[in-house]
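Secondary and tertiary structure notes
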Amino acid sequence: MTYFENVEKIKYEGTTTENPFAFRHYNAEEVVLGKPMKDHLRFAAAYWHTMTQDGSDPFGSAVNTRNWFDEDPMQTAKNRVDAFFEFMEKMGIEYFCFHDVDVAPEGESLQEFYDNLDVITDLIKEKMDQTGIKLLWNTANMFSHPRYNNGAASTNNADVFAFAAAQVKKGLDISKKLGGENYVFWGGREGYETLLNTDMKFEQDNIARFFKMAVKYGEKIGHKPQFLLEPKPKEPSKHQYDFDAATTIAFLKHYDLEGDFKLNLEANHATLAGHTFEHELSVARSYDALGSIDANQGDLLLGWDTDEFPTDVYAATLAMLEVVRNGGLAPGGINFDSKVRRSSFEMDDLILAHIAGMDTYARALKSVEKLMNDKFFDKLIDERYETFKSGIGQSIVEDKEDLESLTEHALSLDTVELKSSHIELVKSKLNDYLV
Ligand code: XUL
Ligand code: CO
């Protein structure tokens, strides 16, 4: 059965095409900055947004037209696998990501959930072998089930902690079976509502314990995906422990976990934390912790996570600049943690939305190529710190100075020569490179 019947494989047709079902910028094999676009971008489709979300919101019920529903939930789950791989093949997307609960019904018990997962992940594996499509990451949904209302690894209930451990154990078994390149933890309910009932230190210790168990189990079964933590400051919890990149890196360093974990950074989570996406990427890059990206965009006029498909070329360019400066993302990639708007309810909207996101990131990559080749900003940064390249500055950088010697230097100066940063020129210059 064909699910996306209106569309054939999406092709690159360039900017002059009037065909909405074509890429205008994303040309998988085109070499940019020394390698094919697809290797820079490593796009992934998200099971939860593409296959599972139904368009409902707190004010209205499901609206999405989807043709994979069957009365039997297991049959629906099987149909979704077929539809998802057809979708990815048509899009030319080579990676995917999923939560355990996205792919298989949870049933009445943990054992039934495991059994359902076995059947569906066998099907997924078959499809992977047939198509060559790979698993970027999987994760355990430890935030939707009522048992997790006080958190998973940060719960106040030891049995709930055990349930969470069982989900992650199964997730790692599945990751091994499917050759997952990364494994993600997003702690939606690892946080608190009020400190009046919370022992923050105890909860953080338990989260670290939990992560160490995951690393140890991976070693035991001989499967070591890159582990990733995904920061988000709030929603659904009022305060989430992995608030932003800096907070999460401090946690990893404090608990000696930085050797095993990197970050999966999401654009809309950055803005919820009061940062730009490029800020978060840059913080992670400075600590060698940039692992992967969840590509989307928020709406700065709204205070929640809207997970829109990225269409803002300016923001995507600044993000791709960080990715390129990082030397790429592999084994990470760019996962579209993005959902179609409630009013985009047709099946074709899934295709059009991914084209929009992929074209936006391709444009960003091409802009970064122009910018890197021209070296305007590299030169500017280089010159901005020139006083540290010789004399007293060089001596500071070589750790040869102290407060006393620097006081002596300062006392010997009559005046300091300052240069304008020409901020307006610098910021407007970026517009010259946008493709
Ligand atoms: C929620 C979010 C999640 C994670 C995976 O805001 O981003 O979908 O990416 O659990
Ligand atoms: Co995400």
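A quick note: this is a predicted structure, and the numbers were derived from the prediction, not measured.

**Considering the layout of surface pockets**
- Looking at the largest pocket, its volume works out to about 1400 Å³.
- Lining the largest pocket are 38 residues, and of these Leu 380, Ile 381, Arg 384, Tyr 385 and Ser 421 lie nearest its centre.
- Sorting the residues of the lining of the largest pocket by element identifies helix 10 (277-286), helix 11 (313-325), helix 13 (376-384), helix 14 (391-397), helix 15 (403-411) and helix 16 (423-429) as the ones contributing at least two each.
- Taken together, the residues of the lining of the largest pocket break down into 19 nonpolar, 9 polar and 10 charged.
- Estimated volume of the second largest pocket: approximately 1100 Å³.
- What lines the second largest pocket is a set of 38 residues, among which His 49, Gln 53, Asp 305, Asp 307 and Lys 339 lie closest to the centre.
- With 3 residues, the top contributor of residues to the lining of the second largest pocket is helix 2 (residues 47-52).
- Grouping the amino acids of the lining of the second largest pocket by side-chain chemistry returns 12 nonpolar, 11 polar and 15 charged.

**Points about the pattern of salt bridges**
- Within this structure, the stated rule accounts for 21 salt bridges.
- For the salt bridge of Lys 170 with Asp 118, the shortest nitrogen-to-oxygen distance reads 2.7 Å. Of this pair, Lys 170 sits in helix 6 (residues 158-178) while Asp 118 sits in helix 5 (residues 110-131), and the two are 52 residues apart along the sequence.
- Notably, a salt bridge pairs Asp 173 with Lys 169, separated by 3.0 Å at the nearest N-O pair. In this pair, Asp 173 and Lys 169 both sit in helix 6, 4 residues apart, roughly one turn of the helix.
- Look at the salt bridges and you will find they share partners, linking Glu 29, Lys 38 and Glu 94 into a network.

**Looking at the coordination of the cobalt ion (ligand 2)**
- In the first shell of the cobalt ion (ligand 2), the protein supplies Glu 230 (OE), Glu 266 (OE), Asp 294 (OD) and Asp 337 (OD), at 1.9 to 2.1 Å from the metal.
- All donors of the cobalt ion (ligand 2) belong to a single chain; written as a sequence motif, their spacing is E-x35-E-x27-D-x42-D. You can see Glu 230 sitting in the loop between strand 10 (226-229) and strand 11 (239-240) and its partner Asp 294 sitting in strand 13 (residues 290-295), a full 64 residues away along the chain.
- The exposure class assigned to Glu 230 is buried, which follows from its relative accessible area of 3%.
- Taking the relative accessible area as the measure of exposure, Asp 294 reaches 0% and is therefore buried.

**Let's talk about the packing of aromatic side chains**
- Within the structure shown, the criterion is met by 28 aromatic pairs.
- Taken together, a centroid distance of 6.3 Å and an interplanar angle of 50° make the contact between Phe 4 and Trp 68 tilted. Here Trp 68 lies in the loop between helix 2 and helix 3 (73-91) and Phe 4 lies in the segment before strand 1 (11-12), a separation of 64 residues in the sequence. No difference in accessibility class separates Phe 4 from Trp 68, as the two residues are buried.
- Considering the side-chain rings of Phe 377 and Tyr 433, the 6.0 Å spacing of their centres and the 55° angle between planes classify their relative orientation as tilted. One end of the pair, Phe 377, is in helix 13; the other, Tyr 433, is in the segment after helix 16, and 56 residues separate them in sequence. Just as Phe 377 is buried, Tyr 433 falls in that class too.
- Here the guanidinium or amino end of Lys 429 rests over the ring plane of Phe 376, the centre of that ring lying 5.0 Å away.

The rules we used
- Residues numbered from 1 in each chain as written.
- Chains lettered and ligands numbered in written order.
- Predicted model: local features only at pLDDT ≥ 70, side-chain atom pairs only at ≥ 80, totals over all residues.
- Heavy atoms only, no water.
- 1 Å grid on protein atoms, 1.4 Å probe; cavity = no way out; pocket = protein on both sides within 12 Å on 5 of 7 lines; lining within 4 Å.
- Points joined across faces, edges and corners; volume = space filled by probe spheres on them.
- Helix = DSSP H or I, 4+ residues; strand = E, 2+ residues; numbered from the N terminus.
- Nonpolar A, V, L, I, M, F, W, Y, C, P; charged D, E, K, R; others polar.
- Salt bridge = Lys/Arg side-chain N within 4 Å of Asp/Glu carboxyl O.
- Donors = N, O, S within 2.8 Å, 3.2 Å for Na, K, Ca; no water.
- Buried < 20%, exposed > 50% of the residue type's maximum accessible area, 1.4 Å probe, protein only.
- Phe/Tyr/Trp six-rings, centres within 6.5 Å; stacked < 30°, edge-to-face > 60°.
- Lys NZ or Arg CZ within 6 Å of the ring centre and 35° of its normal.

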